[in-house]
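Below, each chain spelled out in residue letters.
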Amino acid sequence: MRNRSAFARRNLFLRYLILDVSLAALLAGCSKYYYNPAPQVLPQYITKISVRPFVNHTQQYGIEDKLTLAVQQQFNQDGRFRITSENEADGVVIGDITKYILEPLGYDTNHIPTMYKLWIIVNVAFYDKIKNQTLWVEPNLGTPVTYNSASSGLPGGLTESEAQQEIWNQLAMDISTRTFEGFGTVTGTTDKAVPKSSPDQYDPSVGSPQPAPAIVPDQNQNQNQGQGQDPSPH
């Protein structure tokens with residue numbers, strides 16, 4: 001009886017062992033369908049963030065201030081990081097407004113535009129001041145807004161300034177999402193899809209965020225610290 005009992009227990013153990021191994025193999029085989037890589041979020045040592053005033057490469061005066069303010073407000077509203085001056089920050093959001101394109105889409109009987117498409121394109125990067133390197137660059141952020149002119153009398157009419165504000169809000173949200181949630185959360189427009197016609201003569205190879213070491217601390221800071229001029233390319 002003992003031999004039979006021992007044999008039965010050993011046989012039951014082997015069955016459970018085979019079942020466990022089979023289940024583990026099944027899960028391992030299926031895991032590739034559920035794999036979700038962790039987002040490339042900011043390093044833990046970055047706790048204070050600054051938003052450097054955006055550089056405006058278009059002929060539209062003052063829009064850089066409106067975008068900078070919108071991004072700062074979005075970061076403050078999120079509340080995950082302390083927003084501070086660049087001197088005190090661990091990391092800096094740096095951006096360039098590269099294109100401002102206002103295109104009429106519809107006209108009335110007097111050939112006055114009644115509908116427009118406004119497209120504002122920005123390049124954005126995040127600079128790690130602790131390790132003096134660019135953590136990421138997102139070129140060509142910007143989604144066009146199509147709207148009826150406020151003077152057209154059509155439903156939902158907007159002024160150009162109101163259409164701009166819609167874009168500032170969306171860009172601020174996109175930049176915040178890209179900063180806090182990592183790679184892949186926001187994607188810019190491909191170079192081929194970016195409209196070539198624009199009133200500005202911006203050269204994309206000059207002044208826009210590039211991989212390190214092109215992005216460096218602000219020129220004014222260097223001058224204040226007696227370090228000479230900003231070594232970033234112009």
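Structure's up top.
The notes below deal with the structure included here. (Residues numbered from 1 in each chain as written. Predicted model: local features only at pLDDT ≥ 70, side-chain atom pairs only at ≥ 80, totals over all residues. Heavy atoms only, no water.)

When helices and strands are counted, the protein shows four helices and seven strands. Counting over 234 residues, the protein shows a buried share of 38%. If you take every contact in the protein between residues at least 6 apart in sequence, the share linking residues at least 24 apart comes to 69%. (Helix = DSSP H or I, 4+ residues; strand = E, 2+ residues; numbered from the N terminus. Buried < 20%, exposed > 50% of the residue type's maximum accessible area, 1.4 Å probe, protein only. Contact = heavy atoms within 4.5 Å.)

So, on to the pattern of salt bridges. Summed over the entire model, instances satisfying the criterion amount to five salt bridges. For Arg-82, the salt bridge goes to Glu-88, with nearest N and O atoms at 3.8 Å. Among the salt bridges present, the one from Arg-178 reaches Glu-138, with a minimum N-O distance of 2.9 Å. In this pair, Arg-178 sits in helix 3 (residues 160-181) while Glu-138 sits in strand 6 (residues 133-141), placing the two residues 40 residues apart along the sequence. As far as burial versus exposure is concerned, Arg-178 and Glu-138 are alike and both buried. (Salt bridge = Lys/Arg side-chain N within 4 Å of Asp/Glu carboxyl O.)

With that settled, the discussion passes to the environment of Ile-130. Within the secondary structure layout, Ile-130 lies in the loop between strand 5 (113-128) and strand 6. For the pair Ile-130 and Gly-91, spaced 39 residues apart in sequence, the C-alpha separation works out to 7.4 Å. For Ile-130, the residues in contact, after removing those within four places along its chain, are Tyr-45 and Asp-90.

Glancing now at the packing of helix 2 (residues 63-78) against helix 3. Relative to each other, helix 2 and helix 3 sit at 45°, their axes nearing to 8 Å. As summarised for this structure, helix 2 and helix 3 are arranged oblique, according to the angle between their axes. Viewed along their axes, helix 2 and helix 3 form a crossing whose handedness is right-handed. Judged by residue contacts, Ile-63, Lys-66, Leu-67, Ala-70, Val-71, Gln-74, Phe-75 and Asp-78 of helix 2 engage Ser-161, Gln-164, Trp-168, Leu-171, Ala-172, Met-173, Ile-175, Ser-176, Thr-179 and Phe-180 from helix 3. For the contact of helix 2 with helix 3, a count of residues per class yields 11 nonpolar, five polar and two charged. (Axes fitted to C-alpha atoms, helices over the stretch in contact; angles between N-to-C directions. Parallel < 35°, antiparallel > 145°, perpendicular 65-115°, else oblique. Left-handed = near helix turned anticlockwise from the far one by under 90°. Nonpolar A, V, L, I, M, F, W, Y, C, P; charged D, E, K, R; others polar.)

The next point concerns unusual backbone geometry. Despite not being glycine, His-111 has its phi angle at roughly 65°, a positive value. With respect to the helices and strands, the residue His-111 is situated in the loop between strand 4 (91-107) and strand 5. We note that Asn-140 has phi near 60°; this positive angle belongs to a residue other than glycine. You can see Asn-140 is positioned in strand 6. Relative accessible area serves as the criterion here: at 9%, Asn-140 is assigned to the buried category.

Look at any regular strand and the pattern is simple: side chains alternate between the two faces of the sheet. Pairing analysis gives six bridges linking strand 5 to strand 6, with the strands arranged antiparallel. By the bridge assignment for strand 6, Phe-126 is matched with Trp-136. (Pairing = 2+ DSSP bridges.)

Attention now goes to the pairing of strand 4. With 12 of 17 residues buried, strand 4 lies mostly within the body of the structure. Strand direction decides the pairing type here: strand 1 (residues 48-51) and strand 4, joined by three bridges, are parallel. Residue Ser-50 lies in a different strand from strand 4, and its bridge partner there is Val-92. Alignment of strand 2 (residues 55-56) against strand 4, held across two bridges, turns out to be parallel.

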